[in-house]
Amino acid sequence: MTWLRNVLIDLADDSPQVDLAERTIAVHHRRRRTVISYLAAAMVAVVTLGVTAAIRLLPDGPQKVASTGDLPARGVGPLSHAYKTFCKPVGGKAPAGCRDGAWRVVARSGKAYYVTEALPSLAPGRTGLRDSPLAISRDGRKIAYYSAEEGTFQVRDLASGQKTTAARKVPRGWLGSISHLMLSDDGRFVAFSKVPEFKDPALLIDMRDGGVRELPNRWVPIGLSRDGSTITLAEHSPRSRLRTISNLWSGSAKSDTMSVIQPVNYDFSPLAPDGKTVAVIENRSTAEKPCRHGDLALMNTLTGEKRETTVIKGLPSDVSQISLRTWLSAEEVTALTVSVRCRPASEVPDDEPAVIDPPYRTMTAYALNVRTGKTRKLATYRAQSFFEIVLPGPPGAL
């Protein structure tokens, strides 16, 4: 959400940290209200996640979630997705047994479990609001989250139940109001970034050896090489940019960095299986004409060159939002969609109250061929917004 990122960055640059903490909560409230109206006063809200090469992770048909309580100590199969639960939506019903601000993971079998170890995004009594991130490995067999007890990030193997805790503590205050978490395929590396940045860094953590490399905040981690030495990042403010940082573990204090600035705003997919390409959709939204997007294209992450532009075909005519997520193969990326009415800024009263909990909505995932633009339906989900649903693999960026 470009407008929100600009607001947060301006606040971070101009305000003392103690004041910004309170103001960030208010901005987060406005963000959640904006998600329900889908950018009544500004840009499209899209969060993108997932890089999956040649592995099908999304089952066909609707996702029927069966509530089964807390995540067992071991023996859980691969995950389909995860979603954050807030229990007082402005309309409709919350999930059965809803827990405020908690993460719920859903196995491909349809069984759903609450991750009790993960820090809730709401304090007891709804007295505080933060963003507690969660990530799923590309094969759906591991999760990463911020452990409330350990005060840092933790990786958990769902089948064996083995937990690995980061050697470095991460203060809760670093989580910010919009955070991003990426888990490597083998569960060894965790990358964390957030907005607003204050003076604390983003982090790439080696969960096996305990090493930590500091990264620039505001950037979303969208891809990592197998050995963890090269990371790909994306940013939307003040302009869409891509950054590649290599030689992260070379032993030298300075890594090699290449950055590309784009002339227009794009919503990025995660890094493609080839390790050098992202899928992009131009964000053409304005305050008076929200929810407008351009065609699909492929982009080289090192040069910024855009190629192979194609029209997206086969989506319902009422689709208003598209979020690029998990790669299903070298030619197909997941397009998570939702159909809502997008109000222009002039239709939103200045005194309209903030909505903390928007309604739970149906979201439909399609396999989108990046060469032909053709789509095929994969699955449907229920979540409150693109901000509150996670698919396997690294996140993309908006």
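Residues numbered from 1 in each chain as written. Predicted model: local features only at pLDDT ≥ 70, side-chain atom pairs only at ≥ 80, totals over all residues. Heavy atoms only, no water.

(A) Layout of the packing of aromatic side chains. Tallied over the full model, the rule gives four aromatic pairs. Aromatic side chains F153 and F192 sit 5.1 Å apart centroid to centroid with 45° between the ring planes, which places their arrangement in the tilted category. With F153 in strand β8 (residues 152-157) and F192 in strand β11 (residues 189-195), the pair connects residues that are 39 residues apart, well separated along the chain. When its relative accessible area of 0% is taken as the criterion, F153 is described as buried. For F192, a relative accessible area of 1% corresponds to the buried category. Between Y266 and F268, the aromatic rings sit 6.4 Å apart at their centres with planes inclined by 50°, giving tilted as the arrangement. For Y266, a relative accessible area of 5% translates into the label buried. Joined through ring pairs, the aromatic side chains of Y146, F153 and F192 make up one cluster. (Phe/Tyr/Trp six-rings, centres within 6.5 Å; stacked < 30°, edge-to-face > 60°. Helix = DSSP H or I, 4+ residues; strand = E, 2+ residues; numbered from the N terminus. Buried < 20%, exposed > 50% of the residue type's maximum accessible area, 1.4 Å probe, protein only.)

(B) Focus on the confidence of the model for the protein. On average, the protein scores 83 in pLDDT, and the residues at 70 or more come to 82%. Within the model, the stretch residues 1-62 combines pLDDT values under 50 with 209 contacts to residues more than four positions away or in other chains. (pLDDT = per-residue confidence, 0-100. Contact = heavy atoms within 4.5 Å.)

(C) Quick peek at the sheet that holds β11. One open sheet holds the four strands; their spatial order is β10-β11-β12-β13, and the pairing between them is antiparallel. Edge positions in the sheet fall to β10 (178-183) and β13 (212-215), since each of these pairs with one other strand and no more. Geometrically, the sheet is characterised by an average inter-axis angle of 15° between neighbouring strands, direction not taken into account. Sheet topology note: the strand β12 (residues 202-206)/β13 ladder contains four bridges and is antiparallel. Bridging across to β13, L204 finds its partner in R213. (Pairing = 2+ DSSP bridges. Axes fitted to C-alpha atoms, helices over the stretch in contact; angles between N-to-C directions.)

(D) Molecular detail of unusual backbone geometry. Here the phi dihedral of R218 falls at roughly 75°; this positive angle occurs in a residue that is not glycine. In this fold, R218 is placed in the loop between β13 and β14 (220-224). With a phi close to 60°, C291 is a non-glycine residue in the positive phi region.

(E) Molecular detail of the state of the cysteines. Counted according to the given criterion, the structure contains two disulfides. Between the sulfur atoms of C87 and its disulfide mate C98 the distance is 2.1 Å. Residues C87 and C98 share a disulfide whose torsion about the S-S bond is about -90°; that sign makes it left-handed. With C87 in the loop between β3 (79-85) and β4 (102-107) and C98 in the loop between β3 and β4, this residue pair connects regions lying eleven residues apart in the sequence. A relative accessible area of 22% places C87 in the partly exposed class. (Disulfide = S-S within 2.5 Å.)

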